[in-house]
Every structure is written in C-alpha cells, then in structure tokens.
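Working through the structure, step by step
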Amino acid sequence: MKIVVVSDNHGRMECLREIPQLHRDADAFIHCGDSELPAEALQGYVSVRGNNDFAFELPDMKVLELQGQRIMIVHGHRHLYMGQPDMLISKARRQGCGLVFYGHTHVFSWIRADGIHLINPGSLLHNRDGSDPSYAVVTLEGNDVSVQRINWNPQKR
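Residues numbered from 1 in each chain as written. Predicted model: local features only at pLDDT ≥ 70, side-chain atom pairs only at ≥ 80, totals over all residues. Heavy atoms only, no water.

1. Some remarks on the nonpolar core
Most often, soluble globular proteins have nonpolar side chains that are buried together. Among the nonpolar cores identified, the biggest contains 19 residues, and I3, V5, I30, I71, I73, F101 and V138 are the most heavily contacted of them. If one sorts the elements of this core by residue count, strand β9 (residues 134-141) sits on top with three residues. For V138, the residues in contact, after removing those within four places along its chain, are M1, K2, I3, V5, F101, I119, V145, S146 and V147. Listed in part, the 16 residues of the second largest apolar core include C15, L37, L42 and W152. (Core = buried A, V, L, I, M, F, W, Y, C linked by side-chain atoms within 4.5 Å. Buried < 20%, exposed > 50% of the residue type's maximum accessible area, 1.4 Å probe, protein only. Helix = DSSP H or I, 4+ residues; strand = E, 2+ residues; numbered from the N terminus. Contact = heavy atoms within 4.5 Å.)

Listed below in structure tokens is the structure:
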C-alpha cells in the first residue's frame with residue numbers, strides 16, 4: 001500500500017493538485033493540516049485541522065485503518081511539548097495506532113519510538129531546517145513500514 005502524506009502548504013495550491021498526478025498509483029493521500037484552504041481544495045485528501053486552519057471544519061484527529069495498520073493523523077500542535085514526541089506516542093497508544101502522521105514542525109522526520117512510527121512529511125511551503133519543501137511516501141507491506149522523503153521544488157521541474 002502506498003500512502004502520500006503532506007502537510008503545511010499554507011495556502012499553496014499547486015502542490016496539492018500536482019502531487020496526486022505524480023503518484024497515480026497511491027492508495028491514499030493524507031494532509032496533516034495547515035492548508036489554509038477551503039475544504040473543496042482538499043478533495044481527495046484525508047485531512048485534519050492545523051493551528052492555522054480557521055475557514056472550515058475539519059477534525060483535530062482522524063484514525064484510519066489501512067492494510068491492517070491503525071494510523072493516527074493529527075497536526076501536532078497540541079501533541080508536541082518542547083519537540084518531544086511523548087504526547088504523540090501516548091495518544092497513539094490510547095488509540096491503538098502503530099503509525100502517526102503529523103505536521104506542524106516544518107521538518108521532515110521519521111522515527112520509531114516505543115514501537116510506534118512517527119512520520120512528519122515536512123512542509124510544502126518551507127522547512128525550518130533550511131532544506132527544500134518536502135512530503136512523504138509511506139509504503140506498508142504487512143508489518144513493514146518504509147518512508148521516502150520527496151523534495152518539492154516546482155522551480156526545478
């Protein structure tokens with residue numbers, strides 16, 4: 001199963017239209033919040049609300065079951081304390097989830113902590129670590145999880 005995970009495009013629409021065209025074989029598209037766009041601009045994406053999403057109603061959290069894996073989707077602004085993932089891990093455990101997709105930090109990250117995969121695709125606008133804007137492609141094969149960072153730079157296309 002191929003899942004494309006994006007976050008923090010902050011009003012930038014071209015990426016949300018173009019990324020599905022680049023991954024026509026994807027089984028799911030996830031948006032981890034801070035789109036700053038109306039709901040109709042997010043069609044085709046399973047989406048949650050970020051701290052900059054005020055124009056429409058989206059849930060703060062969503063749990064999906066894909067390929068036998070439970071996945072928690074949040075923006076992360078209510079679940080990170082001083083950059084530490086403990087609150088995310090605790091919430092994921094309570095939800096019975098082995099994967100967490102989150103945004104907010106504008107930094108790509110994939111770590112496994114206490115048996116839970118924490119995946120942040122970075123930002124489609126700008127990453128705070130100075131790297132190119134990015135998103136993630138997550139592949140699930142049974143219990144195996146792999147994550148690929150894809151840099152998003154339309155000027156280089």
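2. Focus on the sheet that holds strand β3 (residues 46-47)
The mixed open sheet is built from five strands, whose spatial order is β3-β2-β1-β9-β10. What marks the edges here is a single partner per strand, and that holds for β3 and β10 (144-151). Bridge count for strand β2 (residues 28-31) against β3 is two bridges, and the pairing is parallel. Residue pairing for β3: H31 is matched across the bridge by S47. (Pairing = 2+ DSSP bridges.)

3. Notes on the pattern of salt bridges
Within the structure shown, the criterion is met by four salt bridges. Here D25 makes a salt bridge to K2, at a shortest N to O gap of 2.7 Å. You can see D25 sitting in the loop between α1 (14-22) and β2 and its partner K2 sitting in strand β1 (residues 2-6), a full 23 residues away along the chain. According to the relative accessible area criterion, D25 is exposed, its value standing at 53%. Salt-bridge contacts for E14 lead to R12; the nearest nitrogen and oxygen are separated by 2.6 Å. Assessed through its relative accessible area of 31%, E14 is described here as partly exposed. The network of salt bridges with shared partners includes R49, E57 and D60. (Salt bridge = Lys/Arg side-chain N within 4 Å of Asp/Glu carboxyl O.)

4. Describing the environment of G98
Inspection of the secondary structure assignment puts G98 in the loop between α2 (86-95) and β6 (99-101). By relative accessible area, which is 23% here, G98 ends up partly exposed. Sequence-wise, G98 and C32 are 66 residues apart; in three dimensions their C-alpha atoms are separated by 17 Å. Once you skip the residues sitting within four places of it in the chain, G98 turns out to touch R70, G115, I116 and H117.

5. Some words on α2
Where α2 is concerned, the buried positions are L88, I89 and A92. Across the axial projection of α2, the buried residues extend over an arc of 95 degrees, all falling on one side. Projecting away from the buried face of α2 at angles above 90 degrees are the exposed residues D86 and R94. Looking at the buried residues of α2, the elements they touch are β5 (69-74), β6, β7 (108-113) and β8 (116-121). With its phi angle positive at about 70 degrees, G96 sits one or two positions after the end of α2. (Arc of directions from axis to C-beta.)

6. Side note on the sheet that holds β5
Strands sit in the order β4-β5-β6-β8-β7 across an open sheet of five strands; the sheet is mixed. Each end of this open sheet is capped by a strand with a single partner; those strands are β4 (61-66) and β7. Here the strands of the sheet are splayed against their neighbours by 20 degrees on average, with no regard to which way each runs. Here six bridges tie β7 to β8, and the two strands are oriented antiparallel to one another. Note on β8: the bridge partner recorded for F108 is P121. Lying on the sheet, α2 is in contact with β4, β5, β6, β7 and β8; it crosses β5 at an angle near 135 degrees. (Axes fitted to C-alpha atoms, helices over the stretch in contact; angles between N-to-C directions.)

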